[in-house]
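Single-letter residue listing:
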Amino acid sequence: MRTRHSRRWTSCLLSLALLGVTAGCGTEPEAAAGPLTGHDPAPVAHSTADEQAAGKAALAAYSGYLEASRVASARSDPAHPALPRFLADPLLTRVRVAIRDAKEHGAMRTGKLLSDPTVVSVDLSARPPTVEIQDCLDASGYRLVYAKDHRVVPGTEGGRYLATATATRYPDGRWLINAGAAHQDQPC
């Protein structure tokens, strides 16, 4: 019989599995200043080249996020230093909490998470500037296992599903992933 705590933990681990989340800290700045905000007096026209460059930078941040998450999850390290290079709050905190929960329950990630992201929108006039990303994640070979014996944690089997993320440009010019969601109910 599953308790409410074990259901919560399984749900948390499942979201960890779906997001490929990790954690990090260290000497990297954590975008404490927050994203750019405010209102421009007049709309600014952005070129297609500007939008393409933003999309490319956002996809690089997203790829870095997935890789940093994979490494941190494999090491059960919610303080992995690569995380704040690609993530910002509130997603950074969610990832760290999920990794810490998995670690506290003796679990870790193994395998490979396959990704095929695309940019679905770029809004350089927004405050802060944002890029929306859509991905078809294949987590069928990415497993949450017990560190002790590498048995798969029940209820965390992967599959192919839609994932979305938001990249935001911060005052220092970096594009960081600050929001993301796995849509298990939407296979791709």
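Above this text sits the structure in question.
Criteria and cut-off values
Residues numbered from 1 in each chain as written. Predicted model: local features only at pLDDT ≥ 70, side-chain atom pairs only at ≥ 80, totals over all residues. Heavy atoms only, no water. Helix = DSSP H or I, 4+ residues; strand = E, 2+ residues; numbered from the N terminus. Contact = heavy atoms within 4.5 Å. Areas by Shrake-Rupley, 256 points an atom, 1.4 Å probe, with all protein chains shown as cover. Pairing = 2+ DSSP bridges. Axes fitted to C-alpha atoms, helices over the stretch in contact; angles between N-to-C directions. Disulfide = S-S within 2.5 Å. Buried < 20%, exposed > 50% of the residue type's maximum accessible area, 1.4 Å probe, protein only. Core = buried A, V, L, I, M, F, W, Y, C linked by side-chain atoms within 4.5 Å. Salt bridge = Lys/Arg side-chain N within 4 Å of Asp/Glu carboxyl O.

> I tried to follow the overall build of the protein chain on my own but got confused; where do I start?
If you tally the helices and strands in the protein chain, you get four helices and six strands. Starting at the N terminus and ending at the C terminus, the protein chain contains elements arranged as α-α-α-α-β-β-β-β-β-β. Partitioning the intrachain contacts of the protein chain with sequence separation of at least 6 by distance along the chain shows that 73% fall at a separation of at least 24. A total accessible area of about 9,500 Å² is found for the protein chain, and carbon and sulfur atoms account for 55% of it.

> Help me understand the sheet that holds strand 2 (residues 118-123) in this model?
Within a beta sheet, neighbouring strands are joined by backbone hydrogen bonds and run either parallel or antiparallel to one another. The four strands are arranged 2-3-5-6 in an open sheet whose pairing can be described as antiparallel. Of all strands in the sheet, those bounded by a partner on one side alone are strand 2 and strand 6 (175-183). Averaged over all pairs of adjacent strands, the angle between strand axes in this sheet comes to 20°, irrespective of strand direction. Bridge count for strand 2 against strand 3 (residues 130-138) is five bridges, and the pairing is antiparallel. In the sheet register, Thr118 faces strand 3, and the bridge partner there is Gln134. With respect to the sheet, helix 2 (residues 48-74) is in contact with strand 2, strand 3, strand 5 (160-169) and strand 6, its orientation differing from that of strand 3 by roughly 45°.

> Would you mind going over the state of the cysteines with me for this structure?
Note: disulfide means a covalent bond formed between the sulfur atoms of two cysteine side chains. Applying the stated rule across the entire model yields one disulfide. Paired by a disulfide, Cys136 and Cys188 hold their sulfur atoms 1.9 Å apart. Taking the sign of the S-S torsion, 90° for the link of Cys136 and Cys188, the bridge is right-handed. Highlighted residues: Cys136 in strand 3 and Cys188 in the segment after strand 6, separated in sequence by 52 residues. Since its relative accessible area comes to 40%, Cys188 is described here as partly exposed.

> Explain the nonpolar core to me, please; I cannot follow it from the model alone.
Note that soluble globular proteins tend to have their nonpolar side chains buried in a common cluster. Within the largest apolar cluster, 28 residues are counted, with the highest numbers of intra-cluster contacts made by Tyr62, Tyr65, Leu87 and Ile177. Counting residues per element, this core draws most heavily on helix 2, which supplies eight residues. Look past the residues within four positions of Ile177 in its chain and what remains in contact with it is Ala58, Ala61, Tyr62, Tyr65, Phe86, Leu87, Ala88, Leu91, Ile133, Ala165, Thr166 and Ala167.

> Even after reading the chapter, I still don't get the pairing of strand 6, so can you show me in this structure?
Residues in a regular strand project their side chains so that they alternate between the two faces of the sheet. With eight bridges connecting them, strand 5 and strand 6 associate as antiparallel partners. Residue pairing for strand 6: Ala163 is matched across the bridge by Ala182. Here strand 5 folds back onto strand 6 in antiparallel fashion, the turn holding five residues, of which Gly173 has a positive phi close to 95°.

> Explain the environment of Leu137 to me, please; I cannot follow it from the model alone.
Along the chain, Leu137 turns up in strand 3. C-alpha separation for the pair Leu137 and Leu113, spaced 24 residues apart in sequence, amounts to 7.0 Å.

> Explain the pattern of salt bridges to me, please; I cannot follow it from the model alone.
If charged atoms from side chains of opposite charge come close, those side chains can pair. Counted under the stated rule, the structure contains four salt bridges. The partner of Glu67 in a salt bridge is Arg70, and the shortest N-O contact between them spans 2.6 Å. Residue Glu67 and its partner Arg70 are located together in helix 2, separated by three residues, close to a single helical turn. Residue Arg151 pairs with Asp149 through a salt bridge whose shortest N-O separation is 2.6 Å.

What is shown is where atoms sit, not what they do.
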